[in-house]
Amino acid sequence: MLFNLLGPNFGILSFWRYHYADGLDFISATQGWVVGNDGVILTTSDAGQTWVQQNSGTTSHLTSVSFTNVSVGIAVGENGKVVRTTDGGTNWMQVSSGVSHASTVFKSPQEIGPTT
């Protein structure tokens, strides 16, 4: 699904109000990700002109996202939810976190253990 967050049909303010986007990470001037309510993960490769939704595999509220490069990233959220990608978000895998709440991501996704 492609979103033009700046366009008249889906304005950026409507998106933020509905999804309560909490986490944002850009690894360059053009490539970035945003996470939020209902497990939403969106990515852009054109500095936010358009956004593509990725399937996080969860409906948990995601609060933070961090990428170390265009491929490797993690997102965390309520109830200790942690999801990890090694392919830029094409596939997100759940990771056992061992905690009941995770709200902030550190900058080393490769330090997260094996996916479950």
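This text goes with the structure placed above it.
An account of the accompanying structure is given in this report.

What counts and how
Residues numbered from 1 in each chain as written. Predicted model: local features only at pLDDT ≥ 70, side-chain atom pairs only at ≥ 80, totals over all residues. Heavy atoms only, no water. Helix = DSSP H or I, 4+ residues; strand = E, 2+ residues; numbered from the N terminus. Polar contact = N/O pair within 3.5 Å; in protein donor to acceptor, adjacent residues only side chain to side chain. Contact = heavy atoms within 4.5 Å. Phe/Tyr/Trp six-rings, centres within 6.5 Å; stacked < 30°, edge-to-face > 60°. Buried < 20%, exposed > 50% of the residue type's maximum accessible area, 1.4 Å probe, protein only. Core = buried A, V, L, I, M, F, W, Y, C linked by side-chain atoms within 4.5 Å.

### Some points on the side chain of Ser-56
Within the secondary structure, Ser-56 is located in the loop between strand E5 (51-54) and strand E6 (62-67). From its side chain, Ser-56 meets the backbone oxygen of Gly-39 in a polar contact 2.7 Å long. A polar contact of 3.1 Å, which involves the side chain of Ser-56, links it to the backbone oxygen of Thr-58. Apart from residues no more than four positions distant in its own chain, Ser-56 is found in contact with Gly-39, Ile-41, Leu-62, Val-83 and Trp-92.

### So, the packing of aromatic side chains
Taken as a whole, this structure holds three aromatic pairs when the rule is applied. Here Phe-26 and Trp-51 contribute two aromatic rings whose centre-to-centre distance is 6.4 Å and whose plane-to-plane angle is 85 degrees, an arrangement assigned as edge-to-face. Separated by 25 residues along the polypeptide, Phe-26 in strand E2 (residues 23-26) and Trp-51 in strand E5 bring together distant segments of the chain. In this structure Phe-26 comes out as partly exposed when scored by relative accessible area, which is 33%. Of the residues examined, Trp-51 reaches a relative accessible area of 6% and is grouped as buried. Aromatic pair Phe-67 and Trp-92: ring centres 6.0 Å apart, planes at 85 degrees, arrangement edge-to-face. Of this pair, Phe-67 sits in strand E6 while Trp-92 sits in the loop between strand E8 (82-85) and strand E9 (93-95), and the two are 25 residues apart along the sequence. Assigned by exposure class, Phe-67 and Trp-92 land together as buried.

### Comments concerning the environment of Gly-98
With respect to the helices and strands, Gly-98 occurs in the segment after E9. Sequence separation of Gly-98 and Asn-79 is 19 residues, and the distance between their C-alpha atoms is 9.9 Å.

### Looking at the nonpolar core
One recurring pattern in soluble globular proteins is that nonpolar side chains are buried together. Within the largest apolar cluster, nine residues are counted, these being Trp-33, Val-35, Ile-41, Leu-62, Val-65, Phe-67, Ala-75, Val-83 and Trp-92. At the level of secondary structure, the elements contributing two or more residues to this core comprise strand E3 (32-35) and E6. Ranked by the residues each element gives to this core, the list is headed by E6, at three residues.

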